[in-house]
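Coordinates in review
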Amino acid sequence: MTNTASEEEGYLLIGVAGNKEAASNWEKVFNEKPLIYSGHSVPGIRREAVKYFHGVGRYYNKIGGRLEKEPIDNKLKDFILANYVLVNFKGKLLVKIPVMKLNGYVKYDGMVYKRIGSSSILCESF
C-alpha cells in the first residue's frame, strides 16, 4: 500500500510484487522479467488476468465482486467500489484501489478497529 499523510487518501496497488520471492515466483510462472522501478518489481496484472481469468475485464470484475463481499465498513466499501481503477504504469497494467481515512472506529469481520497513525488497532471493548 502506498501511504500518505493520515489525513489523505492512500492506495493499494495490485500488480506490484510485495517482495523478491513474489517477483521470482511470477517470473517462473510467466517466463518474463517484470519492470523494475525504484527498486520494486512491477509485473502488472495483464499476464495473470489473461491466464487465470480469461481477460483483464473479467479479472477487474472479479476483484470488484470480492471487494463487495468483504466484511468492511459500508462507507469505505462504497468508496472503494466507486473509485478503484485500472492504470497503465510504464506499460504495466495495475489495479489502483483507493483507501480513504475514516474518522473514529471501523468494523471489519465483526471486530472493531481504530486507526492510530499508520496502524489499525483492535479495540477490546467498544
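All of the points below concern the structure found in this document. Keep in mind the model is a prediction, meaning the values are calculated, not measured.

**Here's the deal with the pattern of salt bridges**
Pairing between side chains of opposite charge can happen when their charged atoms approach one another. Within the structure shown, the criterion is met by three salt bridges. Where Glu 32 meets Lys 92, a salt bridge forms, and the shortest distance between an N and an O atom there is 3.2 Å. Pair noted here: Glu 32 is in the loop between helix 1 (20–30) and strand 2 (35–37) and Lys 92 is in strand 5 (residues 92–99), with a separation of 60 residues, a long-range link. Its relative accessible area of 26% is what places Glu 32 among the partly exposed residues. Members of the salt-bridge network, linked through shared partners, are Glu 32, Arg 47 and Lys 92.

**As for the nonpolar core**
The nonpolar side chains of a soluble globular protein tend to be buried, and buried together. Counting 15 residues, the largest nonpolar core has Ile 45, Tyr 59, Ile 63, Ile 80, Val 95 and Ile 97 as its most contacted members. The set of elements that each furnish at least two residues to this core consists of helix 3 (56–69), helix 4 (74–83) and strand 5. Residue contributions to this core peak at four residues, all from helix 3. The residues contacting Ile 80, other than those within four sequence positions of it, are Leu 67, Ile 72, Ile 97 and Pro 98.

**Quick word on the packing of helix 1 against helix 2 (residues 46–53)**
Axis separation between helix 1 and helix 2 bottoms out at 11 Å; the angle between their running directions is 55°. Considered as vectors, helix 1 and helix 2 are oriented oblique to each other. The chirality of how helix 1 crosses helix 2 is left-handed. Across the interface between the two elements, Trp 26, Val 29 and Phe 30 of helix 1 pack against Arg 47, Glu 48, Lys 51 and Tyr 52 of helix 2. Of the residues contributing to the contact of helix 1 with helix 2, the split by class is four nonpolar, no polar and three charged.

What counts, and where the lines are drawn
Residues numbered from 1 in each chain as written. Predicted model: local features only at pLDDT ≥ 70, side-chain atom pairs only at ≥ 80, totals over all residues. Heavy atoms only, no water. Salt bridge = Lys/Arg side-chain N within 4 Å of Asp/Glu carboxyl O. Helix = DSSP H or I, 4+ residues; strand = E, 2+ residues; numbered from the N terminus. Buried < 20%, exposed > 50% of the residue type's maximum accessible area, 1.4 Å probe, protein only. Core = buried A, V, L, I, M, F, W, Y, C linked by side-chain atoms within 4.5 Å. Contact = heavy atoms within 4.5 Å. Axes fitted to C-alpha atoms, helices over the stretch in contact; angles between N-to-C directions. Parallel < 35°, antiparallel > 145°, perpendicular 65-115°, else oblique. Left-handed = near helix turned anticlockwise from the far one by under 90°. Nonpolar A, V, L, I, M, F, W, Y, C, P; charged D, E, K, R; others polar.

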